[in-house]
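These are the residues of each chain, in order.
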Amino acid sequence: MLHRRPLGQILIAEGILSEDQLRIALLEQMKHNQPLGKLLVALGFVTEATLRQALSENLGKQCIDLSHAVVDPQALKRVPRELAKRYRLLPLAYDAHNRRLTLAISDVNNVVGLDRVRTLLEEHTEIETLLAGESEIDRAIDQYYGHELSIDGILHEIETGEIDWKSISASDDQYSQPVVRLIDSILTDAVKHEASDIHFEPEANFLRIRYRIDGMLRQIRALHKSYWPAMTVRIKVLSGMNIAEMRAPQDGRISLSVSGRAIDFRVASQPTIHGENIVLRILDRQKGIVPLEQLGLAEDHLLQLKLMIARPEGIILVTGPTGSGKTTTLYSVLNHINAEGIHIMTLEDPVEYPMTLVRQTSVAENAKLDFANGIRSMMRQDPDVILVGEVRDAETAEMAFRAAMTGHQVFTTLHTNSAIGAVPRLLDIGVLPDIMAGNIIGIVAQRLIRRLCEHCKSPYQAEAHELRLLGPLGQLADGQRPVLFSPNGCEHCDFQGYRGRIAIMELLRIDAGLDELIARRATTHEIRARATAQGFRTLADDGLRRVLGGSTSLEELARVVDLTDRM
């Protein structure tokens, strides 16, 4: 019989795991009696894909990446959803001629699950198993077996008292309060629609539910006002708020596993004339940290950003309004430089996405820890890189610049409309120009614009007023008008015409010439002229390149960026 090495030893031999990490995981295994692989992923020591590969070698089994798999509907019909969910297996293909069913499974030793599947199949049907990650299987089950919970069924149950057994069997094997299932259902539905926020808005006679998808609010449901009190209590219980307090704003947090991955919801309630308004911000850890190369930056912008990050000390400012993707950009930058040889510390309000190796602190009013005090105490922790959530006042700005002057790399955000606008904003806060000069590495201003749906966008030739907006970019060599694209709407994009968002940026690298202008309080016009001579591109320029490239429409760009000065 072939001798199989323990999983931990394989991971150590391949340099994926250290002896210390294995020891920690084995101690956890003794406490919780869970599979070692599952614990290694939960502790953040390995990714599910790495583990799948190692297990495949260990067990001599072929593995599969379900994100690129095509599932046969005939195979799905042979295994009920409840059974697939309980035993974490996904039917992939069914060959009726050779009587063979192919399953993706997270645990090949799951004899009970495989036996249950066998009882559902014709005699002498062979089962072939492929290894897949647990959360991948959960996600695929939700995707291929349809909606997890029936919102309409639950609403019907609340109205009539008739129990919707279908929605119960999908969530659990036992009966639970319909309101409990309704809230679970709405949260799951919002995550599946890739919403960033859920708004519960009580009106005089009804409750409006809206999702923010790709930066735009979209009404999903309107429910009777009588449902809201019980729903409010459920959300407050989940998020750890005081259910008796209805006249003061409250904050809370919910952590759930949706489609096999951990999702956090930041909850905020606000008393209004018609009752409590509740907004949930969805924090999807998997989407929060995007590799720098996948931010969708133009090549020259990506190179400039990497050059800025390569400077060992100084301050990098990311500016833009709320919801413009500043946090995502900063996390991507931190992820890019994160390594064992660097000590990164962050001070956030609050911490949105946990990162390994990074010391993250939330600003807490009750603990007297504001941004300025936080930077002061962090400086005593021997950091190399400091991320400050936001520069709001003179004290925070002074401490952030002091950290930059003493040999640290500092990243922070600022609320301004443009990269050049950050200089007068810092002067307004109270930062002296000679402290700014020499300590700012660069300023990044960004916005998020919706991406046109690839399946339904339609081409057309630019009209006269659009050519004026495009300026020199729209002048083709042969005198032809450039081809632009407009949104249409189809099933793929929920008939919106757009799906997903892309970032447009302006990057201002501060060189000796700009430092001199800042030190002598030069006007914004002088700074802009110098920056333009260096090849600086505005948000509008970057956006118009996106329009000509077919990524977005001119009307979408005009919604986000001011184009009136180009008319």
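These figures come from a predicted structure and were not determined experimentally.

Draft legend 1. Representation of the overall build of the protein in the model. Along its length, the protein carries 24 helices and 18 strands. Over its C-alpha atoms the protein spans a radius of gyration of 27 Å, differing by no more than 12% from the 24 Å that the globule rule assigns to 567 residues. The C-alpha extent of the protein, read off along each of the three principal axes, is 85 × 65 × 60 Å. Residues counted as buried form 47% of the 567 residues belonging to the protein.

Draft legend 2. How the structure looks around the sheet that holds strand β4 (residues 197–202). Here six strands make up an open sheet; going across it, the order is β6-β5-β4-β9-β8-β7 and the pairing antiparallel. Two strands lie at the open edges of the sheet, namely β6 (216–224) and β7 (250–258), each paired on one side alone. Across this sheet, the average inter-strand angle for adjacent strands is 20°, counted without regard to direction. Pairing analysis gives eight bridges linking strand β5 (residues 206–213) to β6, with the strands arranged antiparallel. Considered in β6, the bridge of Phe 206 is made with His 224.

Draft legend 3. Inspection of the packing of helix α21 (residues 512–519) against helix α22 (residues 524–533) at higher detail. Put simply, α21 and α22 touch, their axes get as near as 10 Å, and they point 180° apart. The pairing of α21 with α22 is recorded here as roughly antiparallel in orientation. Of α22, the residues touching α21 (which contributes Gly 513, Leu 514, Leu 517 and Ile 518) are Glu 526, Ile 527, Arg 530 and Ala 531.

Draft legend 4. The packing of aromatic side chains, seen in detail. Applying the stated criterion across every chain yields a total of two aromatic pairs. Aromatic pair Phe 200 and Trp 228: ring centres 5.5 Å apart, planes at 20°, arrangement stacked. In this pair, Phe 200 is assigned in strand β4 and Trp 228 in helix α12 (residues 228–239), connecting sequence segments 28 residues apart. The buried category is assigned to Trp 228, whose relative accessible area is 4%. Their ring planes at 80° and their centres at 5.5 Å tell us that Tyr 331 and Tyr 353 sit as a pair that is edge-to-face. Here Tyr 331, found in helix α15 (residues 326–337), pairs with Tyr 353, found in the loop between β11 (344–348) and β12 (359–362); they are 22 residues apart in sequence, far enough to count as distant. Just as Tyr 331 is buried, Tyr 353 falls in that class too. Stacked on the ring of Tyr 94, the Lys or Arg Arg 78 has its end atom at 3.9 Å from the ring centre.

Draft legend 5. Quick look at the nonpolar core. Judged by nonpolar contacts, the single largest core of 40 residues is most densely connected at Leu 426, Met 436, Ile 440, Ile 443, Leu 508 and Ile 527. Take this core: its biggest share by element is six residues, from helix α17 (residues 394–405). Leave out the neighbours within four places in its chain, and Ile 440 touches Arg 311, Ile 315, Leu 317, Phe 401, Leu 426 and Ile 510.

Draft legend 6. Here's a closer look at the pattern of salt bridges. Enumeration according to the criterion identifies 28 salt bridges in this entry. For Arg 218, the salt bridge identified is with Asp 494, shortest N-O distance 3.6 Å. With a gap of 276 residues between them, Arg 218 in strand β6 and Asp 494 in the loop between β17 (483–486) and β18 (498–509) connect regions that are remote in the sequence. One salt bridge in this structure joins Asp 428 and Arg 425, with 3.2 Å as the shortest N-O distance. Pair noted here: Asp 428 and Arg 425 are both in helix α18 (residues 422–429), with a separation of three residues, about one helical turn. Its relative accessible area of 60% is what places Asp 428 among the exposed residues.

Draft legend 7. Structural context of the sheet that holds strand β2 (residues 100–105). With mixed pairing, the three strands of this open sheet are ordered in space as β1-β2-β3. A single partner strand is all that each edge strand has here, and the edge strands are β1 (89–95) and β3 (126–131). Neighbour-to-neighbour, the strand axes of this sheet turn through a mean angle of 25°, independent of strand direction. Where β1 meets β2, six bridges bridge the pair, whose relative direction is antiparallel.

Draft legend 8. Highlighting the side chain of Thr 319. Tracing the chain through its elements places Thr 319 in strand β10 (residues 314–319). Ignoring sequence-local partners within four residues, the contact set of Thr 319 consists of Lys 326, Leu 414, Thr 416, Ser 418, Ala 419, Ala 422, Ile 443, Val 444, Ala 445 and Gln 446.

Draft legend 9. Seen up close, the pairing of β2. Across the six residues that make up β2, a large majority, five, are buried. The pairing of β2 with β3 spans six bridges and is classified as parallel. Opposite Leu 101, over in β3, you have Ile 127 as the bridge partner. The β-α-β motif built from β2, the intervening helix α7 (residues 111–120) and the parallel element β3 has right-handed crossover chirality.

Draft legend 10. A look at the confidence of the model for the protein. Confidence in the prediction for the protein averages 87 pLDDT; 95% of positions are at 70 or higher. Taken element by element, the predicted model of the protein shows its lowest mean pLDDT in helix α10 (residues 165–171) (49) and its highest in β4 (97). Across residues 168–175, where pLDDT falls below 50, the model places 15 contacts with residues more than four positions away in sequence or in other chains.

Draft legend 11. Summary view of the environment of Val 279. You can see Val 279 is positioned in strand β9 (residues 275–284). Every residue in contact with Val 279, bar those within four places of it in the chain, is listed here: Asp 197, Ile 198, His 199, Arg 266, Val 267 and Ala 268.

Draft legend 12. Quick look at unusual backbone geometry. Here the residue pair Asp 349 and Pro 350 is connected by a cis peptide bond, since its omega of -10° sits within 30 degrees of zero. With respect to the helices and strands, Pro 350 occurs in the loop between β11 and β12. Positive phi, normally seen in glycine, also occurs at Glu 194, with a value near 60°. The backbone of Asp 214 sits at a positive phi, close to 55°, despite the residue not being glycine.

Draft legend 13. Spotlight on the environment of Asn 205. By secondary structure assignment, the location of Asn 205 is in the loop between β4 and β5. Take Asn 205: its relative accessible area is 62%, and that puts it in the exposed class. Counting along the chain gives 69 residues from Asn 205 to His 274, while the straight-line C-alpha distance between them is 8.8 Å.

Draft legend 14. The arrangement of the pairing of strand β8 (residues 261–272) in detail. Judged from the nine bridges that link them, β7 and β8 form a sheet pairing that is antiparallel. Residue pairing in the sheet places Gly 252 in a bridge with Val 267 of β8. Pairing between β8 and β9: ten bridges, direction antiparallel. Residue pairing for β9: Pro 271 is matched across the bridge by Glu 276.

The rules behind the values
Residues numbered from 1 in each chain as written. Predicted model: local features only at pLDDT ≥ 70, side-chain atom pairs only at ≥ 80, totals over all residues. Heavy atoms only, no water. Helix = DSSP H or I, 4+ residues; strand = E, 2+ residues; numbered from the N terminus. Rg over C-alpha atoms; globule rule 2.2 N^0.38 Å. Buried < 20%, exposed > 50% of the residue type's maximum accessible area, 1.4 Å probe, protein only. Pairing = 2+ DSSP bridges. Axes fitted to C-alpha atoms, helices over the stretch in contact; angles between N-to-C directions. Parallel < 35°, antiparallel > 145°, perpendicular 65-115°, else oblique. Contact = heavy atoms within 4.5 Å. Phe/Tyr/Trp six-rings, centres within 6.5 Å; stacked < 30°, edge-to-face > 60°. Lys NZ or Arg CZ within 6 Å of the ring centre and 35° of its normal. Core = buried A, V, L, I, M, F, W, Y, C linked by side-chain atoms within 4.5 Å. Salt bridge = Lys/Arg side-chain N within 4 Å of Asp/Glu carboxyl O. Right-handed = clockwise from strand over helix to strand, strands pointing away. pLDDT = per-residue confidence, 0-100.

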